[in-house]
Structures are given as structure tokens and as C-alpha cells.
Amino acid sequence: MIEVLLCAVISAFALAFGLWFGFRLGGKRAREDFERELGTAKQQAERILDDASAKAQNRLKDAEIEVKQKLLEQQSSFDEELKSLRAEQGEIEKRLRKKEEQLDRRAEALEARDAEFKNIEAATKKAVKQAKKRIKHAEDVFEEATAKLEELAGLTQEQARQRLLAEILDDAKLGAAREIKRIEEEAKEEAEKRAKEVITTAIQRYAGEYVAERSVNTIVLPSDDVKGRIIGREGRNIRAIEAATGVDLIVDDTPEAVVISGFDPVRREIASLSLQRLIADGRIHPSRIEEVVAKVSREVEQSMKEAGDQAAFELGLNGLHGDVLAMIGRLKYRTSYGQNIWNHSMEVAWLCGLMAAELGLNVKRARRAGLLHDIGKAMDHELEGSHALIGAEFLKKHGEDPVVINAVGSHHSEMPPESLYAHLVMAADALSGARPGARREVLESYIKRLHDLEQISASFDGVEKCFAIQAGREVRVLVDSSSIDDEHAIVLSRDIARKIEQELTYPGRIKVCVIRETRAMEFAR
């Protein structure tokens with residue numbers, strides 16, 4: 001409304017200024033026109049003012065109506081809230097009255113109990129006074145009796161107590177020593193018996209395969225004509241095969257056969273499969289040879305990965321790192337004294353699980369330690385050090401269980417065992433490696449090892465005879481009793497064992513038994 005009035009005033013002022021300016025310029029006629037226009041402008045201004053005043057009155061009335069309506073609404077809302085608050089206040093007052101009644105009842109009960117306790121307290125004080133009188137009387141009687149006993153025994157009370165305690169202590173020590181000795185003997189007998197039962201049960205429940213040592217593969221040919229194609233012009237094909245696979249290919253007078261020789265079983269396997277495919281395909285030339293060898297190499301890598309997955313699946317193990325599974329698969333093509341390491345690891349895992357079940361231990365943890373105990377052999381040709389320590393370090397980097405890591409690192413006593421699982425792995429490893437047919441050696445290396453074993457044992461002073469027995473797993477040393485006493489016999493057995501460890505390579509463990517005896521002889525004439 002103020003804006004409308006302002007606009008009307010400005011319009012009238014502009015019109016008046018225009019007329020005045022014209023009047024100044026136009027003279028009389030202009031003044032008449034000015035007066036006429038001024039009158040018209042005044043009429044318009046009055047009309048505009050009247051209209052604005054009417055509109056302002058209407059708006060004012062509308063605003064008053066709107067304010068009254070809002071006040072009514074707020075009054076209604078306030079009344080409803082007030083009603084709700086009064087209802088809540090009534091409920092609160094009801095609850096307070098109930099609580100007051102409950103508190104009154106409790107106060108009455110407490111007053112009754114207080115009165116009862118006061119009565120009990122009075123009776124207790126009376127009983128305490130009587131008890132004190134009786135205790136005083138008893139103490140007087142005890143002192144009188146003690147004085148009489150000391151007079152009769154010739155000992156004071158403290159001296160008698162010390163003598164009695166000394167006698168009881170001596171009897172207790174003697175009884176405890178006897179009991180400890182009995183318990184140790186029983187525990188030793190029971191432990192030995194139980195260990196034999198566990199190992200026997202595990203052996204009976206698991207049967208492994210016999211193995212034989214190999215360093216060559218023989219490929220059967222469809223005919224002797226294929227030999228010439230394998231050799232190629234001026235031997236180029238055979239050189240290509242040897243260069244691509246890293247093995248020696250022997251083509252001799254053996255009918256319909258070619259021999260692949262190599263110390264690495266993975267290379268022999270790749271060469272065997274490649275040669276078989278080349279023979280079946282018929283296209284044998286250097287470029288084709290490289291292509292087939294590359295393809296077979298990828299397939300062998302995949303088969304090793306599948307072997308790791310298969311081992312974990314068969315043993316029911318999960319959570320193994322991918323790199324750990326790949327290393328387990330590589331053991332499929334590695335051998336130790338003719339024994340396949342993958343099969344050996346599976347054997348050890350099953351044996352550990354069986355013995356753990358007999359002892360009430362975690363079967364899956366025992367299987368895990370058994371499966372991984374020789375994982376270092378998958379990389380010991382690439383790294384320096386013992387395969388046990390290499391495997392333990394590898395597993396540690398991949399977040400393996402510390403108990404399993406210790407069992408792997410200590411299964412050849414290169415790390416102190418810290419759990420029963422470590423001892424289970426040692427026992428299962430020895431069982432798998434030492435059972436009949438598990439490992440084979442060529443006759444010459446076997447005889448040489450036994451000869452070296454006896455020679456090392458006989459190199460020490462005081463040794464009269466020595467014998468390698470049990471297929472070289474035990475050496476018995478007979479010593480001169482006049483120059484070696486019992487303490488030196490213990491030291492000698494340890495020295496012989498250390499020298500054998502330093503100078504010989506052998507599977508499993510070798511027991512060194514030093515025997516010292518004294519013989520007394522006399523003849524009856």
C-alpha cells in the first residue's frame with residue numbers, strides 16, 4: 001500500500017512539474033492548461049488515495065481476521081496440550097500415591113525387623129559374655145595342664161612343637177620321595193606303553209606305497225624309424241629337445257625305446273610328455289619342439305597347483321595361502337631316496353592326524369603340520385640352508401600358525417620343539433621314511449653309507465668295535481671299560497652323533513648306542 005501511494009505522489013509531482021515548466025514557457029494559455037491539468041491531477045491523486053485507503057482497510061480487516069483465526073487455533077492447541085498434561089499429572093499422582101503406600105509398608109516391615117534384630121543383638125551379647133567366661137576358664141585349665149606336661153616331659157612347649165614338626169617333616173619327605181619315584185616309574189611305563197599303542201594304531205590304519213629310486217624315464221617308440229626323426233638332420237632335433245628341457249636324451253641300440261636322463265624330476269616329466277606328444281603329432285623340428293615344450297611346461301605348472309589343492313582338499317584343510325599350496329604341488333615332482341615328497345607329506349599328515357586323534361589333540365592342526373613339514377624341499381635347491389628352517393621361514397612370511405611353524409622347523413631337531421605337535425611330526429616323519437619299502441637306495445651308496453658310519457664311529461679313542469645295524473639306522477659302539485668310564489661314555493655317544501651329522505647325509509635319524517661292560521673272569525681248578 002505504501003508503494004502505491006508513493007507512486008501516485010511521484011506521478012502527481014511529475015505532472016505538476018511538467019505543467020509548471022510549460023506554464024513558464026507558454027504564457028497565459030499555458031497557465032490555463034496547467035491549471036486544468038493540475039485540477040485533473042489532483043482529482044486523480046484523490047481517487048488514488050481513496051482507492052489505496054480502501055484497499056488498506058480491506059487488508060487490515062483480512063489481517064485481523066487471520067490473526068484471530070491463528071489465535072483461536074493456538075488456543076485450541078494449548079487447551080489440548082493442557083488437557084494432556086493434566087491427564088499425565090493425574091497418572092503421576094496415582095503412581096506416587098502407590099509408591100508412598102509401598103514405602104509405608106516397607107517402613108513398617110523394617111521397623112519390625114529392627115525390633116527383632118535388637119532382640120537378637122541382646123541375646124547375642126549375653127551369649128558372647130557367657131562364651132568369654134567359658135574360654136577364660138578353658139585357657140586357665142589349658143595353662144595348668146601345659147605346665148604339668150612340661151614338668152613331666154622335661155621340655156618346654158616350643159621345644160616339643162619343634163621336635164614334633166621335625167619328625168612329621170622327615171616322615172613326609174620320605175613318603176613324598178617314595179611316592180614321586182613310584183609315580184615317575186608308573187608314568188614312564190604308561191607313557192612308553194601308550195606311545196607304542198598310538199604308533200601301532202597309526203601304522204595299522206595307514207598303508208603307503210612301495211617306491212623305487214629313479215633318475216631316468218623310458219619312452220616307448222612305435223618303431224625304430226622314429227629314432228631318426230627324433231635325432232633330426234645332423235642331430236638338430238635332439239639338441240633342440242635337450243636345450244629346451246635341460247635333460248639328456250639317450251638314443252642307443254635299445255629297440256623301440258629312448259631314455260631321458262636327468263636329476264630334476266620336473267624336467268624329466270616335461271621332456272617325457274613333450275617327446276610323447278611330438279611322436280604322436282609326427283612333426284618334429286626345432287620350432288615345433290620349443291612350442292610343445294612351452295605348452296607342456298604350463299600344463300605341468302597347472303598340475304602342480306592342482307596337486308596342492310588336492311592335498312588340502314583330501315586332508316580337509318582350509319585357509320592355506322595360495323603360494324603355500326603352489327609349493328605343496330611342487331613336491332609332487334621331488335623325491336628323497338626314491339620316495340616322492342608329495343606322497344611322503346600326505347603320509348606324514350595322515351599319521352599325525354591319526355596319532356593326534358588317539359591323544360585327544362587337534363586333528364586338523366596335526367595334519368596341517370604334517371603336510372607342511374617338508375615344504376622347504378620345494379625350494380631348498382634354490383636357497384641355502386636346511387629344508388626344515390627354509391620351510392619354517394617361508395610359512396612365517398605367509399602368516400602360518402606359530403605352532404605349525406615350530407613343528408616344521410623342529411622336525412629334524414634344528415629348532416627346539418615347543419608343542420606336542422612337533423613331536424608328532426617327528427614320529428610320523430620317521431615312520432613314513434623308515435617303514436619297509438618307503439625309501440630305496442642304490443646298493444653302492446647304501447653299502448658306502450654303512451661303511452662310513454662304522455669308520456666314523458671307530459675313529460674315536462677307546463672304541464674297540466662298532467657295528468651298523470637296522471639298515472644303518474643304529475650304530476652300536478663297544479668301548480674299552482678300562483679307558484672309558486660311564487661319564488665319558490655319555491660324552492662319546494654325543495661326539496659320535498655330532499660327527500655323523502657333519503659328515504654323512506642320510507634319511508631319518510641314526511641312533512648311537514655306546515656299550516661299556518666290565519667282565520670278571522676266574523678259573524676253577
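Residues numbered from 1 in each chain as written. Predicted model: local features only at pLDDT ≥ 70, side-chain atom pairs only at ≥ 80, totals over all residues. Heavy atoms only, no water.

A.B. asks: Just checking my understanding: could you explain the confidence of the model for the protein chain for this structure?
C.D. replies: Do not read the fine detail of predicted coordinates wherever pLDDT is low. Mean pLDDT over the protein chain works out to 79, with 81% of the residues at or above the 70 mark. Under a pLDDT of 50 for its full length, residues 207-213 has, in the predicted model, 20 contacts with residues more than four places off or in other chains. (pLDDT = per-residue confidence, 0-100. Contact = heavy atoms within 4.5 Å.)

A.B. asks: Can you walk me through a negative patch on the surface in this structure?
C.D. replies: Together, Glu-100, Glu-101, Asp-104, Glu-108 and Glu-111 line one region of the surface with negative charge. Position of Glu-100 among the secondary structure elements: in helix 2 (residues 28-153). (Patch = residues over 30% accessible without salt bridge, like charges linked within 9 Å, V, L, I, M, F, W, Y side chains within 5 Å. Areas by Shrake-Rupley, 256 points an atom, 1.4 Å probe, with all protein chains shown as cover. Salt bridge = Lys/Arg side-chain N within 4 Å of Asp/Glu carboxyl O. Lys, Arg positive; Asp, Glu negative; His and termini not counted. Charge placed at Lys NZ, Arg CZ, Asp CG, Glu CD. Helix = DSSP H or I, 4+ residues; strand = E, 2+ residues; numbered from the N terminus.)

A.B. asks: Is there a simple way to explain the pairing of strand 8 (residues 511-515) in this structure?
C.D. replies: For a regular strand, the rule is simple: side chains alternate between the two faces of the sheet. The alternating pattern of strand 8 places Val-512 and Val-514 on a buried face, while none of Lys-511, Cys-513 and Ile-515, on the opposite face, is buried. Direction of pairing for strand 7 (residues 474-479) relative to strand 8: parallel, over a ladder of 5 bridges. Paired with Val-477 across the strands is Val-514, a residue of strand 8. (Buried < 20%, exposed > 50% of the residue type's maximum accessible area, 1.4 Å probe, protein only. Pairing = 2+ DSSP bridges.)

A.B. asks: Is there a simple way to explain the pattern of salt bridges in this structure?
C.D. replies: It is possible for side chains bearing opposite charge to pair when their charged atoms get close. If you walk through the whole model with that rule in mind, you get 15 salt bridges. A salt bridge links Arg-365 to Asp-401; its shortest N-O distance comes to 3.1 Å. Taken together, the residues Arg-365 in helix 10 (residues 363-372) and Asp-401 in the loop between helix 11 (387-397) and helix 12 (402-409) connect sequence positions 36 residues apart. Taking the shortest distance from any N to any O, the salt bridge between Glu-400 and Arg-368 comes out at 2.6 Å. With Glu-400 in the loop between helix 11 and helix 12 and Arg-368 in helix 10, this pair connects stretches of sequence that are 32 residues apart. Residues Glu-400 and Arg-368 agree in their burial class; the two are buried. Residues joined by salt bridges that share partners form a network here, namely Asp-281, Arg-283, Arg-288 and Glu-291.

A.B. asks: So what exactly am I meant to see when it comes to unusual backbone geometry here?
C.D. replies: Negative phi is the rule for most residues except glycine; trans is the rule for most peptide bonds. Phi at Glu-234 is positive, roughly 55°, even though this residue is not glycine. Take Glu-234: it is sitting in the loop between helix 4 (225-231) and helix 5 (236-245). What makes Glu-234 exposed here is its relative accessible area of 71%.

A.B. asks: Would you mind going over the packing of aromatic side chains with me for this structure?
C.D. replies: Centre distance and the angle of the planes are the two values used to describe a pair of aromatic rings. Going through the model one piece at a time under the given rule, you end up with 0 aromatic pairs. Just above the ring of Phe-460 sits the side chain of Lys-499; from NZ or CZ to the centre is 5.4 Å. (Phe/Tyr/Trp six-rings, centres within 6.5 Å; stacked < 30°, edge-to-face > 60°. Lys NZ or Arg CZ within 6 Å of the ring centre and 35° of its normal.)

A.B. asks: Can you walk me through the sheet that holds strand 7 in this structure?
C.D. replies: Where strands meet in a sheet, backbone hydrogen bonds hold them as pairs that are either parallel or antiparallel. Taken in spatial order, the 3 strands make up an open sheet running 6-7-8, and their pairing is mixed. In the strand order of this sheet, the two ends are held by strand 6 (463-469) and strand 8, each with one partner. On average, each strand axis in the sheet is inclined to that of its neighbour by 15°, with strand direction left out of account. Across the sheet, helix 15 (residues 486-503) is in contact with strand 6, strand 7 and strand 8; its angle to strand 8 comes to roughly 150°. (Axes fitted to C-alpha atoms, helices over the stretch in contact; angles between N-to-C directions.)

A.B. asks: Just checking my understanding: could you explain the nonpolar core for this structure?
C.D. replies: Nonpolar side chains in soluble globular proteins generally cluster together in the buried interior. Counting residues in each nonpolar core, the largest one holds 41 residues, and the members touching the most others are Leu-320, Val-324, Ile-328, Leu-371, Leu-372, Ile-375 and Leu-395. Of all the secondary-structure elements, those providing two or more residues to this core are helix 7 (286-315), helix 8 (322-330), helix 9 (341-359), helix 10, helix 11, helix 12 and helix 13 (420-434). Looking at this core element by element, the count peaks at 9 residues for helix 9. Beyond its immediate stretch of four places on either side in the chain, Leu-372 contacts Leu-320, Val-324, Ile-328, Leu-395, Glu-400, Val-404 and Val-408. Grouped together as the second largest cluster of nonpolar side chains are 25 residues, Ile-284, Val-293, Val-296 and Tyr-333 included. (Core = buried A, V, L, I, M, F, W, Y, C linked by side-chain atoms within 4.5 Å.)

A.B. asks: Got a minute to help me understand the packing of helix 6 (residues 265-281) against helix 7 in this structure?
C.D. replies: How two helices pack is summed up by the angle between their axes together with the distance between the axes. Running from N to C, helix 6 and helix 7 cross one another at 130°; their axes reach a closest spacing of 9 Å. Taken together, the axis directions place helix 6 and helix 7 in an arrangement best described as oblique. Between helix 6 and helix 7 the crossing geometry is right-handed. Between helix 6 and helix 7, the residues in contact are Val-266, Glu-269, Ile-270, Leu-273, Ser-274, Arg-277, Leu-278 and Asp-281 and Arg-288, Ile-289, Val-292, Val-293, Lys-295, Val-296, Ser-297, Glu-299 and Val-300, respectively. Taken together, the residues that form the contact of helix 6 with helix 7 break down as 9 nonpolar, 2 polar and 6 charged. (Parallel < 35°, antiparallel > 145°, perpendicular 65-115°, else oblique. Left-handed = near helix turned anticlockwise from the far one by under 90°. Nonpolar A, V, L, I, M, F, W, Y, C, P; charged D, E, K, R; others polar.)

A.B. asks: How should I be thinking about the environment of Ala-243 in this particular structure?
C.D. replies: Within the secondary structure layout, Ala-243 lies in helix 5. When the C-alpha positions of Ala-243 and Glu-290 are compared, they lie 9.3 Å apart, and in sequence the two are 47 residues distant.

A.B. asks: Where do I start with helix 10 in this structure?
C.D. replies: Think of an α-helix as 3.6 residues a turn; residues three or four steps apart then line up on the same face. Residues of helix 10 that are buried include every one of Ala-366, Arg-368, Ala-369, Gly-370, Leu-371 and Leu-372, and no others. Where helix 10 begins, the capping side chain belongs to Asn-362, and its oxygen is found 3.1 Å from the backbone nitrogen of Lys-364. (Polar contact = N/O pair within 3.5 Å; in protein donor to acceptor, adjacent residues only side chain to side chain.)

A.B. asks: Could you clarify how one ought to interpret the side chain of Ser-419 in this entry?
C.D. replies: Among the secondary structure elements, Ser-419 is positioned in the loop between helix 12 and helix 13. Contact partners of Ser-419, with chain neighbours within four places excluded, come to Val-403 and Asn-406.

A.B. asks: Please explain the environment of Thr-245 as it appears in this structure.
C.D. replies: Inspection of the secondary structure assignment puts Thr-245 in helix 5. Here Thr-245 is in contact with Arg-267, Ile-270, Ala-271 and Val-293, once residues within four sequence places are set aside. Separated by 2.6 Å, the side chain of Thr-245 and the backbone oxygen of Ile-241 make a polar contact.

A.B. asks: Can you help me understand the side chain of His-411 in this one?
C.D. replies: By secondary structure assignment, the location of His-411 is in the loop between helix 12 and helix 13. By relative accessible area, His-411 is classed as buried at 5%. At a separation of 3.4 Å, a polar atom in the side chain of His-411 contacts the side chain of His-387. Not counting residues up to four positions away in its chain, the partners in contact with His-411 are His-373, Asp-374, His-387, Ala-388, Val-425, Met-426 and Asp-429.

A.B. asks: Could you clarify how one ought to interpret the pairing of strand 7 in this entry?
C.D. replies: As paired elements, strand 6 and strand 7 share 6 bridges and run antiparallel to each other. Pairing of Ala-468 across the sheet is with Val-475, part of strand 7.

A.B. asks: What's the story with helix 6 in this structure? I'm lost.
C.D. replies: The first and last C-alpha atoms of helix 6 sit 24 Å apart over 17 residues, in line with the 24 Å expected at 1.5 Å per residue. For helix 6, every residue scored as buried is listed here: Pro-265, Val-266, Arg-268, Ile-270, Ala-271, Ser-272, Ser-274, Leu-275, Leu-278 and Ile-279. Two residues or fewer past helix 6, Gly-282 is found with a positive phi of approximately 90°. (Expected span 1.5 Å × (residues − 1).)

A.B. asks: It is not clear to me how the environment of Ile-515 should be interpreted in this structure. Could you clarify?
C.D. replies: Its place among the elements puts Ile-515 in strand 8. For Ile-515, a relative accessible area of 30% puts it in the partly exposed group. Discounting residues that sit within four places of it in the chain, Ile-515 has contacts with Arg-476, Val-477, Leu-478 and Val-479.

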